[in-house]
Amino acid sequence: MSKLGKKLFKQGALLVPMAAFLSGCGLDASDNNSVTEAQSSGTNEPAAQVAGAAIKGVIQQGVVTANRLLEDKSGYYLPDRLAAKPVRTADDGSYELHLRGKADGWALVELRADGNTRMVCDVVPGCDRVSGGQVPFGETLELNSEFVLRGAGDLVTETVHLTPLTHLAVALAERSDQGLSPAALAEAYQNVEAWFGLSAGALSLVPPDLTRLDELGEVSADALQVAITNAAFLALVNDNAQWQSISDVLNNMSSQIVASGRLDITGDGSSLALADIVAASAAQASELQLTTESSIISQKLVIVEYRNVQRFKTIADVYEGSDTSVADTTEPPTTEPAPEPSIPADAALLSWTAPLIRENGESLSMGEIAGFEVVYGKAADALDHSIAIGDASVDQLLVDNLTEGTWYFAMRTLDTDGNRSTLSEMVSKQI
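Residue numbering note: each chain is counted from 1, following its sequence as written. With pLDDT at 70 or above as the cut-off, local features in this predicted model cover only qualifying residues; side-chain atom pairs require 80 or more to be listed or tallied, and sums for whole chains, interfaces and linings still use all residues. As a rule here, side-chain values come from all non-hydrogen atoms in the structure, and water together with hydrogens is ignored.

As recorded in an unreviewed UniProt entry, the chain goes by the name Fibronectin type-III domain-containing protein, listed as coming from Marinobacter albus.

Here is the structure:
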């Protein structure tokens, strides 16, 4: 059985239209140069905390700095002087900065590599290194001094993650007439999410360490999809003489955005394309299924693979039209529904839309959802199999190992008070 998901299905003593479709088929500075401890606490000066993670794979001992973004008299936003002393990322990629001044406005956060910086290889089966040879999946490799990741965020939220995707978003925002304004950054983050078929707000999720999936507790398919998309940037270096390092890949895609505010969809033979990243993401999701023993994680990886295959087919549909680039817009291209990717012959893929009200007409919030239950069987009046889903972000489920015949499916939602909804409308699938 494979569970996969994104934003969850909800009921809980609620109205649940199954709208379902079945698819067949911190600081660890080791040198004494410019990297020092974070701002000392022995002062009454106001300070804002900014924390997050630097993950492409996990980036260890990267040098992180932050600048406040200030508006000039013309309404243009630029980075001010450094608002905090540099810190290094920890072994899990996390960092924490303390910025001088109040916790308001936005900040630009940047990571740079030096001789002490290492990155965990998150590409299966391994990562090609500039000096030759390959580093196995889960081992660390050096980063060249050109490697840079940027991200930006509201100091009220106190969280800014640094990934290849946030790096592209900052490059896109810089083209705005207002510079790195809060509005331009928010729109750029949304645009990049749309380009890669990610859910809204996905770039604010903590990307999990793909090399330690079996050690994870709760992780959503959305977070896995973000991490796998980031991993794909390095996967493009493997066996490709044109790209020597992850820096080459990032610089190529950033330069496209700076020049036109777009990413080419299919490439021109000299530049990377959106389709390249999406295809590599689908391949990595498939490969990762072989590295994890957790059935729950494996099931979510199936959904990530499915999403990327579907996104790739949508990109192909757009290419058949007149437009060959992804425009600077949050709205995805309007196309005919993409062909369904191949689903195992003995499986059914369920998908649903979360209801917003209970059966009694009261509103239902996401925080009130405890989980879901899918019931199924070979007779409409004998749904004698069930799968419990304890993740309110899930909205898809792959049910496999089905024998020949017609299978019937329905579902219900459980709320945090233990209330159960009535079963949704039934759907069926011929195996």
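What follows continues from the structure just given.
Participant: What is the right way to read the overall build of the chain from this model?
Facilitator: Scanning the chain for helices and strands turns up six helices and 22 strands. Relative to its full complement of 431 residues, the chain shows a buried share of 52%. Here the Shrake-Rupley method, with its probe set to 1.4 Å, supplies the accessible areas, and only the displayed protein chains count as covering residues. A total of about 18500 Å² of accessible surface is found on the chain, and carbon and sulfur atoms cover 48% of it. A run of H or I in DSSP becomes a helix once it reaches four residues, and a run of E becomes a strand once it reaches two; helices and strands are each numbered from the N terminus. For every residue, the accessible area obtained with a 1.4 Å probe (protein chains only) is divided by the maximum for its type, and the residue is called buried under 20%, exposed over 50%, and partly exposed between those limits.

Participant: It is not clear to me how unusual backbone geometry should be interpreted in this structure. Could you clarify?
Facilitator: Across the chain, the bulk of peptide bonds are trans and the bulk of non-glycine residues have phi less than zero. Cis geometry marks the peptide bond from V124 to P125; its omega dihedral reads 5°. Secondary-structure assignment places P125 in the loop between strand 10 (118-120) and strand 11 (126-128). In the Ramachandran plot, Q61 falls in the positive-phi region, its phi being about 60° despite a non-glycine side chain. Tracing the backbone through its elements, the reader meets Q61 in the loop between strand 4 (59-60) and strand 5 (63-71). For Q61, a relative accessible area of 9% puts it in the buried group. The phi dihedral of E158 falls on the positive side, at around 65°, and the residue is not glycine. Tracing the backbone shows E158 in the loop between strand 14 (148-154) and helix 1 (164-173). Taking relative accessible area as the criterion, E158 reaches 34% and is therefore assigned partly exposed.

Participant: In this structure, what is going on with the packing of aromatic side chains? I would like to understand it.
Facilitator: Aromatic ring pairs are reported here in terms of the distance separating the ring centres and the angle at which the planes meet. Put simply, two rings from Phe, Tyr or Trp (the six-membered ring, in Trp's case) pair if the centres are within 6.5 Å, and we call them stacked under 30 degrees between planes, edge-to-face over 60, tilted for the rest. Applying the stated rule across the entire model yields three aromatic pairs. On the basis of an interplanar angle of 45° and a centroid distance of 6.4 Å, the ring pair of F196 and F233 is categorised as tilted. On the criterion of sequence distance, the pair formed by F196 in the loop between helix 2 (182-195) and helix 3 (221-235) and F233 in helix 3 is long-range, its members being 37 residues apart. Judged by relative accessible area, which is 1%, F196 ranks as buried. Centre to centre, the rings of Y376 and F409 are 5.6 Å apart; their planes meet at 20°, and the pair counts as stacked. Here Y376 is found in strand 18 (residues 369-377), whereas its partner F409 is found in strand 21 (residues 406-415), with 33 residues between them in sequence. An identical accessibility class is assigned to Y376 and F409; each is buried. Taken together, the aromatic side chains of Y376, W407 and F409 make up a single cluster linked through ring pairs.

Participant: Please clarify how the packing of helix 1 against helix 4 (residues 246-260) should be interpreted in this entry.
Facilitator: To characterise two packed helices, one gives the angle between the axes of the helices and the distance between these axes. One can describe the packing of helix 1 onto helix 4 by two numbers: an axis separation of 9 Å at closest approach and a directional angle of 25°. Compared by their axis directions, helix 1 and helix 4 come out roughly parallel. Seen from above, helix 1 lies across helix 4 with right-handed handedness. Contact with helix 1, carried on its side by P164, H167, L168, A171 and L172, involves L250, M253, S254, I257 and V258 of helix 4 and no other residues of that element. Charged means Asp, Glu, Lys or Arg here, nonpolar means Ala, Val, Leu, Ile, Met, Phe, Trp, Tyr, Cys or Pro, and polar covers whatever is left, Gly included. Considering only residue class, the contact of helix 1 with helix 4 consists of eight nonpolar, two polar and no charged. Every axis in this analysis is a line fitted to C-alpha atoms, fitted for helices over the stretch in contact. Angles between the N-to-C directions lie between 0 and 180 degrees. The cut-offs work like this: below 35 degrees is roughly parallel, past 145 is roughly antiparallel, 65 to 115 is roughly perpendicular, and the gaps in between are oblique. Working rule for handedness: look at the near helix, and if it is turned counterclockwise from the far one by less than a right angle, call the crossing left-handed; if clockwise, right-handed. Residue contacts are defined here by distance: any two heavy atoms, one from each residue, within 4.5 Å place the two residues in contact.

Participant: Quick question: what am I supposed to make of the nonpolar core here?
Facilitator: Note on soluble globular proteins: their nonpolar side chains tend to be buried together. Put simply, a nonpolar core is a bunch of buried Ala, Val, Leu, Ile, Met, Phe, Trp, Tyr and Cys residues held in one set by side-chain atoms that sit within 4.5 Å of each other. In terms of nonpolar packing, the biggest core is built from 72 residues, with L99, F196 and F233 touching the most fellow members. At seven residues, the largest contribution of residues to this core is made by helix 1. Once residues lying within four places of it in the same chain are set aside, the contact partners of F233 are P164, L165, L168, F196, I246, V249, L250, M253 and I277. Among the nonpolar cores identified, the runner-up in size contains 18 residues, and L364, F372, L402 and M411 belong to it.

Participant: Where do I start with the pattern of salt bridges in this structure?
Facilitator: A side chain of one charge can pair with a side chain of the opposite charge if their charged atoms are brought near each other. Any Lys or Arg side-chain nitrogen found within 4 Å of a carboxyl oxygen on Asp or Glu counts as a salt bridge. On inspection of all chains with the given rule, the structure shows 10 salt bridges. A salt bridge links R68 to D104; its shortest N-O distance comes to 3.8 Å. On the criterion of sequence distance, the pair formed by R68 in strand 5 and D104 in the loop between strand 8 (94-100) and strand 9 (106-112) is long-range, its members being 36 residues apart. Connected via shared salt-bridge partners are R358, E368 and D415.

Participant: Before we go on, may I ask you to explain the sheet that holds strand 10 in this structure?
Facilitator: Two orientations exist for strands paired in a sheet by backbone hydrogen bonds: parallel and antiparallel. For two strands to pair, DSSP has to find at least two bridges joining them. Read from one edge to the other, the open sheet built from three strands follows the order 4-10-13, with strand pairing classed as antiparallel. Each having just a single partner strand, strand 4 and strand 13 (140-142) make up the two edges of the open sheet.

Participant: Before we go on, may I ask you to explain the environment of E174 in this structure?
Facilitator: For E174, the location among the structural elements is in the loop between helix 1 and helix 2. On the accessibility criterion, E174 (32% relative accessible area) is partly exposed. Between the alpha carbons of E174 and A188 there is a distance of 9.2 Å; along the sequence they are 14 residues apart.

Participant: Could you clarify how one ought to interpret the pairing of strand 6 (residues 77-82) in this entry?
Facilitator: A regular strand places its side chains on the two faces of the sheet in alternate fashion. For strand 5 and strand 6, the ladder comprises four bridges, and the chain directions are antiparallel. Residue pairing in the sheet places L69 in a bridge with P79 of strand 6. Between the antiparallel neighbours strand 5 and strand 6 lie five residues, among them G75 with a positive phi of about 90°.

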